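In case you want the letters, here they are:
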Amino acid sequence: MPSRNLLLALTAGVVAAGLSIFVAHAQAPALTGQVSSAAEGPMEGVVVSAKREGSTLTISVVSDNTGKFSFPASKLEPGRYSLAVRAVGYDLDGPKTADVAAGRTSTADVKLRPTRNLAKQLTNAEWLASFPGTDTQKKALLNCIGCHDLDRIVTSTHDADEFVQVFDRMTGYYPGSTPQYPQRLIGDARRNLGAAAGVKAMAEYLASVNLSKDEVWDYPLKTLPRPQGRATRVVITEYDLPRKQIQPHDAIVDSDGMVWFTHFGEQFLGKLDPKSGRVFEYPLPVIKPGYPIGTLDLETDKAGNLWIAMMYQGGVAKFDRATETFQTWKVPQQWQTDATQQAFLTPTNSHVDGKVWVKNSDRAQILRLDPATGEWENLGSFKDPGNNRTITSYGIPADHDNNLYLLDFSSSNIGKLDAKTGKLTVYRSPIANSRPRRGRVDEHNRLWFAEYAGNAIGMFDPKTEKIEEWVLPTPWAQPYDVVSDKNGEAWTGSMLSDRVSRLNPKTGEFVEYLLPKTTNIRRVFVDNSTSPVTFWVGSNHGASIVKVEPMD
């Protein structure tokens, strides 16, 4: 084709593409309206949700600074939708339903009224903000939200002695237990709550903030502000899973757009097709009969295989997506105890040396597996050279050379283990006792991690050997995991505030998106194949998968 014709063709293609994008953005919304209340008039930052009758999908948008909300036409099929809202301090006064028809915009102006039960609406973060006491006392409760929310504590009537008995009982439950679906640990395996004096102090503190002494709380209930500005420019989709018992812990998206997730309390690997909403479950082999079932960490190797940490089943598994088959490796019998637990593994850069890193939470051991031979190495536990205390890592990401990071959940340490020499170097984050956890290594070989007790995002640059930190703007957010996207922004999710936080490290600016429901966030994932990027997370206690699509 002559160069002039080629140029014209290319120009026409660019114009056509631009027009198609313009048309897509200019397309009339399927459902729109304004949110208001008698107390505030038009209301910004109200999450409005719509769920079609018979559907497993709930679509949510957020009202802007004029109180207006709009559902894109591409998100709502024709049909009758039930409506719901999230605006702390308010309940939906009407309408409760809306009809959506093809090819036209429906309108539903939403009215809110003051709630009669504010306590029922509070997030874990808002309860902690409301509690009297010191930050030290409150941080002791950060271990209480893995199996249930804080409202279970504050609405109880236990005194301090009864709380001590409750603690003793709870140490015997598998971490993937919930009040509805508990599993007991086997033999002498127990979860550690710390020294007796600390346990007693925590029991006394809980008895001071619950209803053991009165029928109402003697402290005011505090709430967080609603989203504003960019935080309202988002579409959120929640995909219901087929059983309430399903606890999606880690959720990741593969190259085909399928969402894979681990079951924290069942012996399955799950797959969600976002286009159809269909869910598939693959039975995971039981390799330690009689012990608790459920899995945690879900990772991929360079070939795209899925690797699963099998918790108290005492081993790891690989799932071949092409053949849909599992291969398992059990920790050698001589290292097995009732407390053997594989919460984390790292096959991400196993192609470098053929080795997969595995964490054994029992005795804080670091193991290494050669999948080709089935041979295991036990590197033992590692000590903090500053105080000789054992490093208890919660997350073991590997760098591009398959060197291992140990995120010390009992301090503020980041340990780096040289894969060739076995030498450990320890770096300390500026925030004291920040309790780093999970995290990812980015394309620049930098480690991003959550600082759970520091309420911050951390980044370690191996070139400078420095740690940089960004404190989240919402108090008591306490992030669980962090991932960096293709644009250099960092994403995390809160186990306490139901907010997804997006950080621009260059400016230090955060955008925090409020989710429509209580969401016990664990592993976070960003799909870089979309523009803007798409954020995914499992609702660990809500039996659903959540997709967050920012509009800018």
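Everything in this summary refers to the structure shown in the same document. (Residues numbered from 1 in each chain as written. Predicted model: local features only at pLDDT ≥ 70, side-chain atom pairs only at ≥ 80, totals over all residues. Heavy atoms only, no water.)

Describing a positive patch on the surface
A contiguous patch of positive charge, built from Arg 152, Arg 169, Arg 184 and Arg 190, is present on the exposed surface. Relative accessible area serves as the criterion here: at 43%, Arg 169 is assigned to the partly exposed category. (Patch = residues over 30% accessible without salt bridge, like charges linked within 9 Å, V, L, I, M, F, W, Y side chains within 5 Å. Areas by Shrake-Rupley, 256 points an atom, 1.4 Å probe, with all protein chains shown as cover. Salt bridge = Lys/Arg side-chain N within 4 Å of Asp/Glu carboxyl O. Lys, Arg positive; Asp, Glu negative; His and termini not counted. Charge placed at Lys NZ, Arg CZ, Asp CG, Glu CD. Buried < 20%, exposed > 50% of the residue type's maximum accessible area, 1.4 Å probe, protein only.)

Quick look at the pairing of strand S10 (residues 110-114)
Relative to S10, strand S1 (residues 31-37) is paired through three bridges, and the arrangement is parallel. Looking at the pairing, Val 35 lines up with Val 110 of S10. In this structure, strand S7 (residues 90-94) lies alongside S10, joined through four bridges in antiparallel fashion. When the sheet's bridge partners are listed, Asp 91 is paired in S10 with Arg 113. (Pairing = 2+ DSSP bridges. Helix = DSSP H or I, 4+ residues; strand = E, 2+ residues; numbered from the N terminus.)

With respect to the packing of aromatic side chains
Considering all chains together, one arrives at 23 aromatic pairs under this definition. Aromatic side chains Trp 260 and Phe 319 sit 5.5 Å apart centroid to centroid with 55° between the ring planes, which places their arrangement in the tilted category. Pair noted here: Trp 260 is in strand S13 (residues 259-263) and Phe 319 is in strand S18 (residues 315-320), with a separation of 59 residues, a long-range link. Its relative accessible area of 0% is what places Phe 319 among the buried residues. Here Tyr 405 and Phe 460 contribute two aromatic rings whose centre-to-centre distance is 5.9 Å and whose plane-to-plane angle is 75°, an arrangement assigned as edge-to-face. Of the two residues, Tyr 405 is situated in strand S24 (residues 404-407) and Phe 460 in strand S29 (residues 456-461); the sequence distance between them amounts to 55 residues. Counting every residue linked through ring pairs, the aromatic cluster contains Trp 127, Phe 131, Tyr 205, Trp 217 and Tyr 219. One residue, Lys 288, lies across the ring of Tyr 291, its end atom 4.3 Å from the ring centre. Arg 435 extends its terminal NZ or CZ atom over the ring of Phe 409, reaching a point 4.0 Å from the ring centre. (Phe/Tyr/Trp six-rings, centres within 6.5 Å; stacked < 30°, edge-to-face > 60°. Lys NZ or Arg CZ within 6 Å of the ring centre and 35° of its normal.)

Things to note about helix H6 (residues 160-170)
Three or more residues of H6 are buried, namely Ala 160, Phe 163, Val 166 and Phe 167. Angularly, the buried residues of H6 cover 105° about the axis, an arc narrow enough to put them on a single face. Those residues of H6 that are exposed and angled more than 90 degrees off the buried face are Asp 161, Gln 165 and Asp 168. Turning to H6, the residues buried within the fold contact helix H5 (151-154) and helix H7 (196-209). You can read the cap of H6 off the contacts: a side-chain oxygen lies 3.2 Å from the backbone nitrogen of Asp 161, and it is on Asp 159. (Arc of directions from axis to C-beta. Contact = heavy atoms within 4.5 Å. Polar contact = N/O pair within 3.5 Å; in protein donor to acceptor, adjacent residues only side chain to side chain.)

Description of the sheet that holds strand S16 (residues 298-300)
Read across the sheet, four strands follow the order S16-S17-S18-S19 without closing on themselves; strand pairing throughout is antiparallel. Two strands in the sheet have a free side with no partner beyond their single neighbour: S16 and strand S19 (325-330). The average undirected angle you get between the axes of adjacent strands in this sheet is 25°. (Axes fitted to C-alpha atoms, helices over the stretch in contact; angles between N-to-C directions.)

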